Amino acid sequence: MADISFLLLCFFLMVSNMDTDLGLARKLPPMPDPTVQPPPVNERNVFVVLVNAYDMLMVEGKVGNINTLRKDAKNFFLNPSNSPNLSEKKLENIPFIGPYEKSKGVISLQNDRGTSYEMYIKVQNELAAAINEMRDELAMQKFGKKFSDLSEEYSKAVAKAIPVAISEAEPKDVGGTK
Amino acid sequence: MGRFKKSGSKETPGINTGSMSDIVFMFLFFFMVITKIRQGELFVRISAPPATEVQKLERKNLVSYVYIGVPIKSNLYGVEPRIQLNDQFATSQDIAEFIANERAARDEADRQFLTTSMKVDKKVKMGVVTDVKQELRKVGAFKINYSTKKGKVTD
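About the thresholds
- Residues numbered from 1 in each chain as written.
- Chains lettered and ligands numbered in written order.
- Predicted model: local features only at pLDDT ≥ 70, side-chain atom pairs only at ≥ 80, totals over all residues.
- Heavy atoms only, no water.
- Pairing = 2+ DSSP bridges.
- Helix = DSSP H or I, 4+ residues; strand = E, 2+ residues; numbered from the N terminus.
- Expected span 1.5 Å × (residues − 1).
- Buried < 20%, exposed > 50% of the residue type's maximum accessible area, 1.4 Å probe, protein only.
- Arc of directions from axis to C-beta.
- Contact = heavy atoms within 4.5 Å.

Asks: Could you give an account of the sheet that holds strand β2 (residues 46–51) of chain A, with specific residues and numbers?
Replies: All names here are of chain A. Pairing in this open sheet of five strands is mixed, and the strands run β4-β3-β2-β7-β8 from one edge to the other. Sheet topology places β4 (62–63) and β8 (166–168) at the edges, where each strand pairs with a single neighbour. As defined by bridge partners, β2 adjoins strand β3 (residues 57–59) across three bridges and the pair is classed as antiparallel. Looking at the pairing, Val 49 lines up with Val 59 of β3.

Dropping the structure here:
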């Protein structure tokens, strides 16, 4: 019997793979309705990130760098100096947090058909990291815990104060295919 | 007082193997429980890009997988990135039918939680991925997950 179970054991050892599926969860926007005009957006509230076919970044009209993207995105949302070029903030009363200056900013991410998937994930990851860092900071300041350790209602409140405002623009073929 | 007389030779007794089968069985059950057998063979080579802000993919039974990568048998199928759904190559037009089938296979209550996991090779150009995403948007499968591995992104 031990022999048989040894055989089975070896079989399961071979076929099992322990890796768990990890990834970046995103929600796609619904298809745009051609009859409905998109609402007007103030230009200062949009943080434009473009990635071209050569995996180069353009952030807000300037050549960007993946290493500073996280900082730039955070700065755009938090706008500590109340600069007129960065996102507007609106005082909002959020349950459990109280009045909070919620940013109206949205990140608009546009990529080319020739962009590599690796670069695209890098950019997505940095933008997600910016949002996660801001959430952690707010959670730390208000509740003294990291965002992931908060109870459900608190984490909902923090998520309401700092939503994942990443919009993927309609795809364009601007840079041509490489 | 000869009762506690030591027997002449001092040989170490052999290991008792009686409980070995118990231990092996325990291992066996452990591996049986944690195992998930991959259904379907992978036809495309996929090396996931690294990311730090990863989340675990919950509820595996509500996940449908879309694989995009260069075919493993590139002498047969070429070196252009291809889409694999279930266990065959497909084009982006097949996504709608694939999602419809995936939905039909699940409980009505669970359908809204259906997630599409995009397992894409890091070398693939976004063109193919964008096509798939557009198809997913058309059929209303909005929840997606870009499969990545944990690792450092910037230097």
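Asks: Provide a residue-level description of helix α1 (residues 2–15) of chain A, including the pertinent values.
Replies: Taking 1.5 Å of rise per residue, the 14 residues of α1 of chain A would be expected to cover 20 Å, and the 20 Å separating its terminal C-alpha atoms lies within 8% of that figure. Listed as buried for α1 of chain A are Ala 2, Ser 5, Leu 9 and Phe 12 of chain A. Buried residues of α1 of chain A, seen end-on, are gathered within an arc of 85 degrees and therefore sit on one face of the element. Exposed side of α1 of chain A, more than 90 degrees from the buried face: Asp 3, Ile 4, Leu 7 and Met 14 of chain A are the residues found there. Tucked inside the fold, the buried residues of α1 of chain A contact α1 (20–34) of chain B.

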